[in-house]
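The primary structure of each chain is shown beneath.
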Amino acid sequence: MKLLVIGGGGREHALAWKLSLSPRVHKVFVAPGNAGTALERKLENVPITLIPELVEFAKKEHIAITIVGPEIPLAAGIVDAFQAADLKIFGPTQQAAQLETSKIFAKEFMQRHHIPTATYASFTDPVLAHQYIDQKSAPLVVKADGLAAGKGVVVAQTNEQAHSAVNAILVEKNLGSAGSEIVIEEFLQGIEVSFIVMTDGQHILPLATSQDHKRLYDGESGPNTGGMGAYSPAPFISPSLHAKIIRDIIHPVITGMKQEGISYSGFLYAGLMITAENHAKVLEFNCRLGDPETQPIMLRLKSDLLTLVEHAVNGTLDKVDVEWDRRAALGVVMAARGYPENPRKNDVIHGLSNLIIEQNNTDSFHVFHSGTAMGGDGGKEFTTTGGRVLCITALGESIKIAQQNAYKLIDSISFNNYQVRRDIGYQGINFYRK
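### Points about the nonpolar core
Step number 1: Counting residues in each nonpolar core, the largest one holds 81 residues, and the members touching the most others are Ile78, Leu99, Ile250 and Leu272.
Step number 2: For this core, the element with the most residues is helix H10 (residues 239–259), which contributes eight residues.
Step number 3: Those residues within four positions of Leu272 in sequence are excluded, and the remaining contacts are Ile191, Glu192, Val193, Phe195, Ile245, Ile249, Ala280, Lys281, Val282 and Leu283.
Step number 4: Val5, Leu205, Val309 and Leu395 belong to the second largest nonpolar core, which has 35 residues in total.

In structure tokens:
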């Protein structure tokens, strides 16, 4: 059986690698992939990004199922195009993906279906937005309506920061069309976690819980990023809270979509704030797996991922169970100098080749690539191509041990002025200490 994974980041590397472990998989094509996917057994990169060309490639290669990684092709309607060509694909349609592609659509949808979230107002007029800020007072969260590559959310601790965010998005148009409208939300306090499920449009299969770390620096300081690391499981989600999240958030999304004439099939990611009262409120929805959450989740997954995806595309997710490694997994991102605003490129990565040889003989860790290419020394050396370069992901008997294992591996890799947080997993470790 041949599969196709759309995307070229760490999430797609982890997905393609896990799919390749199925004994029924002959080859996994990754479009466009990266230097890491190019070296994995049974994986092959395909330099295609345009949707019509991907459809033709899937037909030509008799691809059994296509799995979509990132949000951009979902927003562009790749699922609709594949379905129109009678090709099996796992991911939400363009209409369903509005849960991620439009913050205003998501907030109004949650309001209609009584899904707990922060109070908010939306604006196209900067004058009215400034008046709202003065009326409500910081802390507030200012969000661009559209997709902005992780740069569309500003957590404003002061009114001045909120006003500045409004000006940057609505007046200066720093985010282009993604910022033609904004949402201003109340600031929620608590512990942020990631809750990801697979759904076939009717049935729901929860994946392992996780927590990522969005801020660039230790202690949740510095600018927001796409994610500097993640671990699984998230101990803050008790069995009773897990059941409540499914009942009050996930089920209402799937049934609400159906009521509005939209079938939601694919991965659904709910970014949640767990409040001091142990309630969960939605911060955002993503219509795909998170990155870097995917990396530790896939390392813990013991079930055949292909089997899960098959059931999802065939509408039979209620017929399958999922098995997880009892160990914790923790992934740490090594990012380029200047990330997230102006990441440096073309630096040689040292020490990576030895780790790749070692990881092929163990199941205790895996190095997932995002921003890598084969460059220096006649194309024989790994080089950096952008922001998040690698996610070094390790298993351990506890979050603390997984953390130690991941950082030990990181200390054997280097490239010019790389950025790395040294506290990934600290909230989970502190939870168990208490």
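Structure's up, so let's keep going.
### Remarks on the pairing of strand E22 (residues 388–396)
Step number 1: Here E22 lies mainly inside the structure; eight of its nine residues are buried.
Step number 2: In terms of strand pairing, strand E18 (residues 328–335) meets E22 through eight bridges, oriented antiparallel. Across the sheet, Met334 pairs through a bridge with Leu390, a residue of E22.
Step number 3: The pairing of strand E19 (residues 365–369) with E22 spans five bridges and is antiparallel. Each residue of the ladder has a partner; that of Val367, found in E22, is Ile392.

### Quick look at the pattern of salt bridges
Two side chains carrying opposite charge are able to pair once their charged atoms lie near each other.
Step number 1: Scanning the model with the defined rule gives 20 salt bridges in all.
Step number 2: Among the ionic pairs, Arg288 bridges to Glu100, the shortest N-O distance being 2.5 Å. You can see Arg288 sitting in the loop between strand E17 (280–286) and helix H11 (294–300) and its partner Glu100 sitting in helix H6 (residues 98–101), a full 188 residues away along the chain.
Step number 3: Under the relative-accessibility criterion, Arg288 is labelled buried at 11%.
Step number 4: Residue Arg327 is joined to Asp363 by a salt bridge in which the shortest nitrogen-to-oxygen separation is 3.9 Å.

### Examining the packing of helix H15 (residues 399–410) against helix H16 (residues 426–433)
Step number 1: Axis separation between H15 and H16 bottoms out at 9 Å; the angle between their running directions is 145°. Like other packed secondary-structure pairs, H15 and H16 cross with a definite hand, here left-handed. Each of Ile399, Lys400 and Gln403 in H15 lies in contact with H16, whose residues at this interface are Tyr426, Gly428, Ile429, Tyr432 and Arg433.
Step number 2: Partitioned by chemical class, the residues of the contact of H15 with H16 number four nonpolar, two polar and two charged.

### Some thoughts on the environment of Pro116
Step number 1: Summarising the element assignment, Pro116 is placed in the loop between helix H7 (103–112) and strand E6 (120–123).
Step number 2: The exposure class of Pro116 is partly exposed, given its relative accessible area of 25%.
Step number 3: Excluding anything up to four places from it in sequence, Pro116 contacts Asp248, Ile249, Ala280, Lys281 and Val282.

### Things to note about empty space enclosed by the protein
Once rolled over the atoms, a probe with the size of a water molecule shows which space is left empty.
Step number 1: For the coordinates displayed, the defined rule picks out two cavities of 30 Å³ or more.
Step number 2: Taken together, Leu99, Lys103, Ala106, Lys107, Met110, Lys143, Glu185, Leu283, Glu284 and Phe285 form the lining of the largest cavity.
Step number 3: When contributions to the lining of the largest cavity are tallied by element, the ones reaching two or more residues are H7 and E17.
Step number 4: Among the elements that make up the lining of the largest cavity, the one with the highest residue count is H7 (four residues).
Step number 5: For the lining of the largest cavity, the residue count by class is five nonpolar, no polar and five charged.

Calculation rules
- Residues numbered from 1 in each chain as written.
- Predicted model: local features only at pLDDT ≥ 70, side-chain atom pairs only at ≥ 80, totals over all residues.
- Heavy atoms only, no water.
- Core = buried A, V, L, I, M, F, W, Y, C linked by side-chain atoms within 4.5 Å.
- Buried < 20%, exposed > 50% of the residue type's maximum accessible area, 1.4 Å probe, protein only.
- Helix = DSSP H or I, 4+ residues; strand = E, 2+ residues; numbered from the N terminus.
- Contact = heavy atoms within 4.5 Å.
- Pairing = 2+ DSSP bridges.
- Salt bridge = Lys/Arg side-chain N within 4 Å of Asp/Glu carboxyl O.
- Axes fitted to C-alpha atoms, helices over the stretch in contact; angles between N-to-C directions.
- Left-handed = near helix turned anticlockwise from the far one by under 90°.
- Nonpolar A, V, L, I, M, F, W, Y, C, P; charged D, E, K, R; others polar.
- 1 Å grid on protein atoms, 1.4 Å probe; cavity = no way out; pocket = protein on both sides within 12 Å on 5 of 7 lines; lining within 4 Å.
- Points joined across faces, edges and corners; volume = space filled by probe spheres on them.

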